[in-house]
Every structure is written in structure tokens, then in C-alpha cells.
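Below, each chain spelled out in residue letters.
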Amino acid sequence: MALTGLDIFKLLPKTNCKKCGMPTCLAFAMQLAQKRAKLDDCPEASEEARNVLAAAAEPPIRLIKFGSADNQVQAGQETVLFRHEEKFHNTTVMAVSVSDKLSGEELKDRIDSINALKFERVGTKIQVDAMAVINDSGSAETFASAAAAVKDSSDFAIILVSDSPEAVAAAVEKTKDRTPLIVAANKDNAEKMAQIARDNKCPITAKADSIEDLADLTEKVKSLGAEDIVLQIDGLSLRDRLYSLSQIRTLSLKKAFKALGYPTLSFVDAGDTDEQTASAIALICKFSGIVVLDTTEPASVLAMLTTVMNVFSDPQKPVQVEPKLYPIGEPDENAPLLFTTNFSLTYYTVESDVEASRVPSYILVVDTEGTSVLTAYSGDKLNEKTVADAIIKHGLEDTVKHRKLIIPGYVAVMSGKLEEATGWDVMVGPRESSMLPRYLQEVWK
Ligand code: SF4
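Residues numbered from 1 in each chain as written. Predicted model: local features only at pLDDT ≥ 70, side-chain atom pairs only at ≥ 80, totals over all residues. Heavy atoms only, no water.

Student: Just to check I follow, could you spell out the overall build of the protein chain for this structure?
Tutor: Looking only at helices and strands, one finds 17 helices and 17 strands in the protein chain. Dimensions of the protein chain along its principal axes, counting C-alpha atoms only, are 75 × 75 × 35 Å. Across the 445 residues in the protein chain, those meeting the buried criterion constitute 48%. For the protein chain, contacts bridging at least 24 residues in sequence account for 63% of all contacts bridging at least 6. Accessible surface, the protein chain as shown: approximately 21,700 Å² in total, 49% of it carbon and sulfur. Each charge class in the protein chain was averaged separately, 49 positive and 64 negative side chains, and the resulting centres sit 6 Å apart. (Helix = DSSP H or I, 4+ residues; strand = E, 2+ residues; numbered from the N terminus. Buried < 20%, exposed > 50% of the residue type's maximum accessible area, 1.4 Å probe, protein only. Contact = heavy atoms within 4.5 Å. Areas by Shrake-Rupley, 256 points an atom, 1.4 Å probe, with all protein chains shown as cover. Lys, Arg positive; Asp, Glu negative; His and termini not counted. Charge placed at Lys NZ, Arg CZ, Asp CG, Glu CD.)

This is the structure:
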């Protein structure tokens, strides 16, 4: 939890020696609280002050990483209950289960179907993050073999799910270069599981039926040397699970309750595909850091990944596309040239309407810091100079033979100044993008 200037002042020597460059210790403490100074600037700070400040700087929910160096996934590190308070730091990790009862072609088909869960949405590639190997067989050897098959057939991060320390040890041996997440330590196997996690530097899930038991178990697992912990509440209805996850999040963030200061993991395997989709989406929204799915139905997984994308977008950063010239179809030097802004929603709406016209065209995307046409114009991020600069920067004078620029109807008012600044003829396009197909077919001849 963040310390106030006064809290920090109490930890300082209070000698006002000025070696930190500040006139007093209090002034230095205030700078530290606002993150405008570093404790290292005070050569007189005690070991105790250093330890307390280091602990206070840690996020209230620990950051957990697993997977290979090239394909690492992260959960935790959250600092707020609601996105509008700041932002969420790590998206929900989406995993899909692979039973170790599958073998041969069935196992290969399952892994292939998970590998194929990749989509593109508003210009961003989205996909699941991990495969969870489930020890349904009860055999350590079969479990290790399935884990090895997953590792060999996919780049995804790996989650090893078994209550048997022997099975987990065998599977970790096959996958430890991928730093798997071990699921799970419980009250009966905690010592052995924590030892495997500690010796192989793997994160581990602590699993219990209640929040109280979970807090006791995380303390135990931590005391055994496994510090990277994920929480799992078992055996509850969806409603009670959501309630527990909200309680855990609130206790860790608002009460700084360290025993619950870890990300959470949930399995979604009950009900039909629609029920699983609804459950997973609820868990993504209410605070599951990792969700393990049973379904590989692309439509369902896309709905979940879309939810992740929307819930975890940074409210301070509009979703943007790269400002550049985009050819639509196969335009030549006589093709129409339109411009719009780099707000993703605006660009993809214009792009799909230009595509629908079947008139090969160029769309010049002007950098307006991810704002829409009217917002950018009223904020002076879209003006004759930004458009003229973009025309030169992206070499449009060499790309098209004509000198005609179609502008959004909403900014018709900038026509005159734009013609003066660019020397191009301005054609005012429709106000609504949906009118573009007709406009291009009828006006551009
Ligand atoms: Fe106080 Fe440390 Fe600054 Fe000296 S160097 S004034 S002790 S904060």
C-alpha cells in the first residue's frame, strides 16, 4: 500500500542535513511520496527505512510469470478494483485444457484445435495463452508424456494440473524449460508440491474450499519457499466463486492482506458451450487472473477473447492503428484517395465501407493520437497542416497521378485551408462512412 509523505518522514533520520539536495527531511519525504525522488538520494537512510519502502513499493497483488522466455504470460500486479481508477496491468490469461487420457491422433487433434484459436479483431491479433494438461489418467508416466507432447507441439505456456506430487514432478521434469504453472497445492500435499515448485522455480496454485483456508495455505506454501503463488477456490457455484473472487480482490487491495495478494485461477468446465462461455466471461470481468476452458469452440473462444480485449484496454489510451497509407484492394495511380484518423474504430469502419464499394482505393491514416475525426478536429489534432504533413511523409505525390483528396464530410469546413496548404483539390465525402460505397461508385469515375 502506498505510504504518505508523513509515513515516510517518520522513517527518515530527521537531521535536515541536506545531502539529498532538499532543505529538510520532510521536503524529501514529500518528494518520495510523489515518486519524484529515490530513497538512494538520502545516504543516511536506515536499513529499516529501505526495507519498509521496498515492501510498500510492491504491488498488492503479486506479479506471477510462467511460460518460455519467448512466450511468457503474466498475471497479477493489479493495483485497482476498477479500471477507471487507473488501469488493469495484466489481461486474464486464457488457457484450454488437454486431458492426458487422450493419446495418438486424439491428443494431436486437441492440441491442433487449441493452436488454431487465433483471431484478428480491429487490427489486433488475439489468441489463447496457455494449455492446461489435466492428469485425468491418474498415471504419472502418462501425465508426463502428455505434457511433453503439448510442449513439443505448441509454443503456449503450460499449466500442469494434478493433485499428485509424483505426477507433477514427472511432468515438470519434461517441461521445466517452459516454466510451467503447477496446479495445485492443497492441505494434504502442500509440502511436496511446494518443494517441487521451489526446486524448479515454478509458480504454484494454492487450492482450498474457503477464503480462510486459502489464506492459511498460501502462508504455509510461502513458508516452504514457494513465493510465486496463484489462488484457486474450489467446489463453489459460479455465483459464490464470483463473490469469493471479489472478496479476495478487495481484501488484497483495500486491506493490504498479504496472504491473499496473489492472482486467481478458475476452471470453466461445467455445462454446455454457451454456459461455459457465459461463466468464463463473468470470471474474466470479476477478477479471475487465469481462466482454464474446456471448450475449443472458436465462436465461444472469440467471444471470451473479445471480452478480455475490451475489459483490459487502457482507458487512458485509445485503441489506435498505425498512421500510414493503406491500399484497399489493388489500387493504381488513378485510384481515389481518402483520409481518416488513426482511431481504430474510425479506421476499420471506413476500411470496411471502402471495401464494400469494390472501388480499389487508398486510405491515408493521419496521426491524431487515436481520436475520431470530430474529436481530433475540435482538439486541433486534425488540421490542414497535419494532413499536408501526412501527404508528404507517406509519399502520396508519387503514389497517385491525380491531386484529388476525399475528406470526411464532418470536416468540410477545413476544405479551403486544406487546398491552400496542400495544393490538392479537396472533394468533400459523405458525413457517414456508410454512404461511402455509393459515393465512390457514383462520384469517382
Ligand atoms: Fe534528511 Fe536524508 Fe535529506 Fe539528510 S539526506 S536531509 S537525512 S532526507
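Student: How should I be thinking about the packing of aromatic side chains in this particular structure?
Tutor: Here the structure, examined in full by the defined rule, presents three aromatic pairs. Centroid distance Y326 to Y347: 4.7 Å. Interplanar angle 40°. Geometry classified as tilted. Remark: Y347 occurs in helix α12 (residues 344-357) and Y326 occurs in strand β13 (residues 325-328); sequence separation between them is 21 residues. Like Y326, the residue Y347 is buried in the burial classification. Every member of this aromatic cluster is reached through a ring pair, and the members are Y326, Y347 and Y348. (Phe/Tyr/Trp six-rings, centres within 6.5 Å; stacked < 30°, edge-to-face > 60°.)

Student: How should I be thinking about the site of the ligand in this particular structure?
Tutor: In the vicinity of the ligand, the residues found are P13, T15, N16, C17, K18, K19, C20, C25, F28, C42 and P43. A class-by-class count of the residues in the shell around the ligand yields seven nonpolar, two polar and two charged. (Near = heavy atom within 4 Å. Nonpolar A, V, L, I, M, F, W, Y, C, P; charged D, E, K, R; others polar.)

Student: I tried to follow a nonpolar patch on the surface on my own but got confused; where do I start?
Tutor: A cluster of nonpolar side chains, namely L6, L26 and M30, defines an oily patch on the protein surface of about 240 Å² accessible area. Relative to the helices and strands, L26 is located in helix α2 (residues 25-33). (Patch = residues over 30% accessible without salt bridge, like charges linked within 9 Å, V, L, I, M, F, W, Y side chains within 5 Å. Salt bridge = Lys/Arg side-chain N within 4 Å of Asp/Glu carboxyl O.)

Student: Would you mind showing me how to read unusual backbone geometry here?
Tutor: Trans is the prevailing form of peptide bonds, just as negative phi is the prevailing case for residues other than glycine. In this structure, A184 follows V183 across a cis peptide bond, with omega equal to 15°. Looking at the element boundaries, A184 is found in strand β8 (residues 181-185). Although it is not a glycine, N16 adopts a positive phi angle of roughly 55°. Tracing the backbone shows N16 in the loop between α1 (5-11) and α2. Even without a glycine there, the phi angle at T179 is positive, about 40°. Within the secondary structure layout, T179 lies in the loop between α6 (165-175) and β8.

Student: Even after reading the chapter, I still don't get the pairing of strand β4 (residues 118-121), so can you show me in this structure?
Tutor: Every regular strand shows the same layout, with side chains that alternate between the two sheet faces. Examined bridge by bridge, β4 and strand β5 (residues 124-127) share four bridges and lie antiparallel to one another. Note that in β5 the partner of E120 across the bridge is K125. Hairpin connection, β4 to β5: the antiparallel pair is bridged by two residues, and V122 has positive phi, about 35°. (Pairing = 2+ DSSP bridges.)

Student: What is the right way to read the environment of F28 from this model?
Tutor: Relative to the elements of secondary structure, F28 occurs in helix α2. Those residues in contact with F28 that lie beyond four places of it in its chain are L12, C20, M22, A37, K38, L39, D41 and C42.

Student: Would you explain helix α14 (residues 384-393) in this entry?
Tutor: Residues spaced three or four apart along an α-helix face the same direction, because each turn holds 3.6 residues. Restricting attention to buried positions, one finds in α14 the residues V387, A388, A390 and I391. Buried positions in α14, seen along its axis, are confined to an arc of 160° and lie on one side of it. Looking at α14, the residues exposed on the side facing more than 90 degrees away from the buried face are K385, I392 and K393. Each element contacted by the buried residues of α14 is listed here: β14 (337-341), β15 (361-366), α15 (396-399), β16 (404-407) and α16 (415-422). With a side-chain oxygen positioned 3.0 Å from the backbone nitrogen of K385, the residue opening α14 is N383. G395 occupies a position one or two residues after α14 and carries a positive phi of about 65°. (Arc of directions from axis to C-beta. Polar contact = N/O pair within 3.5 Å; in protein donor to acceptor, adjacent residues only side chain to side chain.)

These figures capture arrangement, not role.
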